[in-house]
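Fold and geometry: a report
The residues making up each chain are set out below.
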Amino acid sequence: AEEELPFEGRIEMTGCEDEAPLLVSNAGSLRDAYRERMREHKLRLIRAAESIGWFYAHHVTNTPPHGVLLQLFQYLSADTYARGGAQPFAAGWSR
């Protein structure tokens, strides 16, 4: 839901940080603009991370974390290896 805004009709949105509730009369009418803003925000995060030598890993809370955790492991392993540490091992291999 945090990326797609899958709601229709009248809804009341509440925040996680004591914000005032927002009553939206037609949630579906906001979808395209919402998705575009989320896309732009993601691109800004990617650029900011890359500008300081970091990487960006994307995860949404309605999917299992395995993929993004593997991506993080591989990135950290490669970084350690590049700095002279132990060689990273491939996904699916064990020690």
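Residues numbered from 1 in each chain as written. Predicted model: local features only at pLDDT ≥ 70, side-chain atom pairs only at ≥ 80, totals over all residues. Heavy atoms only, no water.

**Notes on the overall build of the chain**
- On a plain count of helices and strands, the chain comes out with two helices and two strands.
- Moving toward the C terminus, one meets the helices and strands of the chain in the order β-β-α-α.
- Across the 95 residues in the chain, those meeting the buried criterion constitute 9%.
- The long-range share in the chain, meaning contacts at least 24 apart out of those at least 6 apart in sequence, stands at 26%.
- Of the roughly 7800 Å² of accessible surface on the chain, a fraction of 57% belongs to carbon and sulfur atoms. (Helix = DSSP H or I, 4+ residues; strand = E, 2+ residues; numbered from the N terminus. Buried < 20%, exposed > 50% of the residue type's maximum accessible area, 1.4 Å probe, protein only. Contact = heavy atoms within 4.5 Å. Areas by Shrake-Rupley, 256 points an atom, 1.4 Å probe, with all protein chains shown as cover.)

**Points about the side chain of Arg31**
- Relative to the assigned elements, Arg31 resides in helix H1 (residues 31-51).
- On the basis of relative accessibility, which here comes to 14%, the residue Arg31 falls in the buried class.
- A distance of 2.6 Å separates a polar atom in the side chain of Arg31 from the backbone oxygen of Phe7.
- If we skip the residues at most four places from it in the chain, Arg31 touches Glu4, Leu5, Pro6, Phe7 and Glu8. (Polar contact = N/O pair within 3.5 Å; in protein donor to acceptor, adjacent residues only side chain to side chain.)

**Quick notes on the confidence of the model for the chain**
- Summarising the model, the chain shows a mean pLDDT of 83, and 82% of its residues fall at 70 or more.
- Note on residues 87-95: pLDDT is under 50 here. Beyond four places in sequence and across chains, it has nine contacts. (pLDDT = per-residue confidence, 0-100.)

**Describing the environment of Gly28**
- With respect to the helices and strands, the residue Gly28 is situated in the loop between strand E2 (22-24) and H1.
- Note: C-alpha distance between Gly28 and Phe7 (21 residues apart in sequence) is 6.2 Å.
- In this view, Gly28 contacts Phe7, Glu8 and Gly9; residues no more than four positions away in its chain are not counted.

**Side note on unusual backbone geometry**
- Even without being a glycine, Leu5 presents a positive backbone phi close to 50°.
- Checked against the element boundaries, Leu5 lands in the segment before strand E1 (11-13).

**Points about H1**
- For H1, with 21 residues, the first-to-last C-alpha span of 30 Å sits near the 30 Å given by 1.5 Å per residue.
- Trailing H1 by a residue or two, Gly53 shows a phi angle of about 80°, which is positive. (Expected span 1.5 Å × (residues − 1).)

**Examining a nonpolar patch on the surface**
- A cluster of nonpolar side chains, contributed by Leu69, Leu72, Tyr75 and Leu76, occupies part of the molecular surface with about 340 Å² of accessible area.
- A relative accessible area of 45% means that Leu76 is categorised as partly exposed. (Patch = residues over 30% accessible without salt bridge, like charges linked within 9 Å, V, L, I, M, F, W, Y side chains within 5 Å. Salt bridge = Lys/Arg side-chain N within 4 Å of Asp/Glu carboxyl O.)

**Here's the deal with the pattern of salt bridges**
- Inspection of the entire model under this criterion finds three salt bridges.
- For the salt bridge of Glu4 with Arg35, the shortest nitrogen-to-oxygen distance reads 3.1 Å. In this pair, Glu4 is assigned in the segment before E1 and Arg35 in helix H1, connecting sequence segments 31 residues apart.
- With a relative accessible area of 35%, Arg35 lands in the partly exposed category.
- A salt bridge links Arg31 to Glu8, with the shortest nitrogen-to-oxygen separation between them at 3.0 Å. A residue pair is termed long-range when its members are at least 10 positions apart, and Arg31 in helix H1 and Glu8 in the segment before E1 qualify at 23 residues.

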